[in-house]
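These are the residues of each chain, in order.
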Amino acid sequence: MSEMKQAFDPMVYDALLELATRIGGQYVEWERQATALEEQEHWKQAGIALRAQVRAIDPDDVVAIEAKRLELRELFQSLPETAPAVAV
């Protein structure tokens, strides 16, 4: 009997997208709370960069997806409740 390749589960990629959405939502919240234009722009650009990183992941590359999920999970768990100070 030959070994069968495990079928790819698209939920793995969906979980990555959900995690990015949660982080991005935090960035949007901080952008809206910011009083200085520089701070608003910082969080806007952080969200744009995050989306670009996720879009760069091949949705069929399980290794890349899992690596990015680990990275984003650590980032998400480290996010404080209030926006960190932004160097302007």
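Details of the structure are given in the entry above.
The model shown is predicted, which means the values in this text are computed figures rather than measured ones.

So, on to the overall build of the protein chain. Helix and strand counts for the protein chain come out as three helices and zero strands. Mapped in sequence order, the helices and strands of the protein chain form the string α-α-α. Here the protein chain, with 88 residues, has 26% of them falling under the buried criterion. In the protein chain, 74% of the contacts between residues at least 6 apart in sequence involve partners at least 24 apart. Working note: accessible area of the protein chain is about 6,500 Å², and carbon and sulfur atoms make up 55% of it.

Tracing the backbone shows Lys-68 in helix α3 (residues 62-78). One polar contact links Lys-68 to Gln-53, side chain to side chain, over a distance of 2.9 Å. When residues no more than four places from it in sequence are discounted, the contact partners of Lys-68 are Leu-16, Gln-53 and Ile-57.

Reading the values: rules and limits
- Residues numbered from 1 in each chain as written.
- Predicted model: local features only at pLDDT ≥ 70, side-chain atom pairs only at ≥ 80, totals over all residues.
- Heavy atoms only, no water.
- Helix = DSSP H or I, 4+ residues; strand = E, 2+ residues; numbered from the N terminus.
- Buried < 20%, exposed > 50% of the residue type's maximum accessible area, 1.4 Å probe, protein only.
- Contact = heavy atoms within 4.5 Å.
- Areas by Shrake-Rupley, 256 points an atom, 1.4 Å probe, with all protein chains shown as cover.
- Polar contact = N/O pair within 3.5 Å; in protein donor to acceptor, adjacent residues only side chain to side chain.

Bear in mind that shape data such as this cannot, by itself, settle questions of function.
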